[in-house]
Amino acid sequence: MFALFFLLLSSPAFSETIAITNAKIYTMAGPVIEKGTVLMRDGKIQEVGSNVSVPADSRVIDASGKSVFPGFIDANCHIGLSEVTQVTATVDSSESVDPVTPQMRVTDAFFPESFAIGVTRSNGVVAGIVSPADENVFAGMSSLIEFSGKRIDEVVLKPVTALHVTMGEAPKAKYGEANKAPSTRMGTAALIRQTLVKAREYEEQWKRYEKKKSEKKPKDEDKSPERDMKLDAVLDVLAGKIPLVVSAHRVDDILTAIRIAEEFGIKKNLVINHGTNAYKIADILAREKIPVILGPVTTQPDSMETLGANYESAMQLHKAGVLIAIQSNETHNARNLPYEAALAVANGLPYEEALKAITTNVAKIFRFDQTAGTIEAGKRANVIVAEGDPLEPRTRISNVFIGGQEITEPNYHEQLYEEMN
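In short, a report on the structure. (Residues numbered from 1 in each chain as written. Predicted model: local features only at pLDDT ≥ 70, side-chain atom pairs only at ≥ 80, totals over all residues. Heavy atoms only, no water.)

### Details of a nonpolar patch on the surface
Here is step 1: A surface patch of nonpolar side chains, amounting to about 270 Å² of accessible area, comprises Phe115, Tyr412 and Leu416.
Here is step 2: Tracing the chain through its elements places Leu416 in helix α13 (residues 412-420). (Patch = residues over 30% accessible without salt bridge, like charges linked within 9 Å, V, L, I, M, F, W, Y side chains within 5 Å. Areas by Shrake-Rupley, 256 points an atom, 1.4 Å probe, with all protein chains shown as cover. Salt bridge = Lys/Arg side-chain N within 4 Å of Asp/Glu carboxyl O. Helix = DSSP H or I, 4+ residues; strand = E, 2+ residues; numbered from the N terminus.)

Next comes the structure, spelled out in structure tokens:
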């Protein structure tokens, strides 16, 4: 099934040749090009530079006085999983009956016609890591999804990007109040270890079975192990194929995540999500090369585990050498992602590092940097044109391209405005 998604996406998404000319171009792969051209065709960037020849059959967009950026990517959001929060029938962000649900896949719940998609896209956010809500200890698998198209096969760029685990207050609150485990941080850590141990044993059972099968000496006792979808979902993490993203705010929770990852030999796969207090151990995270999906930057000290929240954490983590991405953690307000990055800039993070945190760093952390996240020949043509600084709320994004196709349909807010005028 996953191969089918990639096959569909590898086909030319849009055959029109488009040239954006006379623009200031932030490629995020090298120096800023003060006056250049981006040439797009067949869903990909064909060429970028200050001396690009524009084919005669191109549609030319003169971007004089404007700037071009890679489309922004939200490192953690929940768009398409909830339409009206108070209406349960429209909410699919968490399976709230079992703290261990690694087998849940966002692709099975994502609603491509969500009203939030167009609104988010109009601020230059063209894709996101859409993840299950922070509630279950093993929350499920996220997907890299582009904010265009009307069918799931048209919008999913990477069906499984990571396995998500939640530590701290959220699972305690959900299950402890129902007199179920986990009701303590000890319980959460024990469930994580227990699941990883079971997955290791399950993996060994299958290895033994496959070995016997290859030796062509099958015996009755060598029958195939029973499939376990929960443990199947964990195997890719143990094999190092996908990251393990652990939501944790407090330092002790982050250190517990590192300790468990070390015990199971998966520390290279570990990514810290939120990381409200991560700046307090920035040296450890830098030394261990553990990325942090920070934020939202606007996180306030509004719970016991976020008491250490501050606006300088992005700067502090970057200064220590930690690879960071910035997230909205939002459904309907994921459009505010550029302003989360702007707040980080206002509190010391260099401007281009803030841009990286919502473009190429996201691609690096989730391992799709060979195909997207920068403006380079061969990369997916996800590009935005801004009439000023896109991190500023007053800036208008004049053009949005996803897979080389310009998205011009009005968003929900614009539709409401037209109806009222």
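Read on for the rest.
### Comments concerning the packing of helix α5 (residues 185-214) against helix α6 (residues 229-238)
Here is step 1: Viewed as axis vectors pointing N to C, α5 and α6 meet at an angle of 90°, and their least axial separation amounts to 9 Å. Between α5 and α6, the crossing angle belongs to the class labelled roughly perpendicular. Where α5 approaches α6, its residues Thr195, Leu196, Lys198, Ala199, Arg200, Tyr202 and Glu203 are matched on the opposing element by Leu231, Asp232, Val234, Leu235 and Leu238. (Axes fitted to C-alpha atoms, helices over the stretch in contact; angles between N-to-C directions. Parallel < 35°, antiparallel > 145°, perpendicular 65-115°, else oblique. Contact = heavy atoms within 4.5 Å.)

### With respect to the sheet that holds strand β8 (residues 138-146)
Here is step 1: Strand order in the open sheet formed by eight strands is β6-β7-β8-β9-β10-β11-β12-β13, and the pairing between neighbours is mixed. At either margin of the open sheet sits one strand with a lone partner, and together these are β6 (72-77) and β13 (324-326). Averaged over neighbouring strand pairs, the angle between their axes works out to 30° when direction is ignored.
Here is step 2: Note that strand β11 (residues 270-274) and strand β12 (residues 292-294) share three bridges and pair parallel. Paired with Ile272 across the bridge in β12 is Val292.
Here is step 3: In the packing of helix α7 (residues 251-263) onto the sheet, the strands contacted are β10 (244-248) and β11, and the crossing angle to β11 comes to about 160°. (Pairing = 2+ DSSP bridges.)

### Digging into the pattern of salt bridges
Here is step 1: In the structure shown here, the tally under the stated rule is 22 salt bridges.
Here is step 2: For Glu263, the salt bridge is made with Arg193, and the minimal N-O distance between the two is 2.8 Å. Separated by 70 residues along the polypeptide, Glu263 in helix α7 and Arg193 in helix α5 bring together distant segments of the chain.
Here is step 3: Salt-bridge contacts for Glu215 lead to Lys211; the nearest nitrogen and oxygen are separated by 2.8 Å.
Here is step 4: We classify Glu215 as partly exposed; its relative accessible area is 34%.
Here is step 5: Its relative accessible area of 52% is what places Lys211 among the exposed residues. (Buried < 20%, exposed > 50% of the residue type's maximum accessible area, 1.4 Å probe, protein only.)

### Topic: the nonpolar core
Here is step 1: Ranked by internal contacts, the top residues of the largest apolar core, which has 100 residues, are Phe72, Leu285, Leu317, Ile326, Phe366 and Phe368.
Here is step 2: Looking at this core element by element, the count peaks at eight residues for α5.
Here is step 3: Once residues lying within four places of it in the same chain are set aside, the contact partners of Leu285 are Ile254, Ile258, Ile272, Ala278, Ile290, Val292, Leu317 and Val322.
Here is step 4: Among the nonpolar cores identified, the runner-up in size contains 16 residues, and Met40, Ile45, Ile61 and Phe401 belong to it. (Core = buried A, V, L, I, M, F, W, Y, C linked by side-chain atoms within 4.5 Å.)

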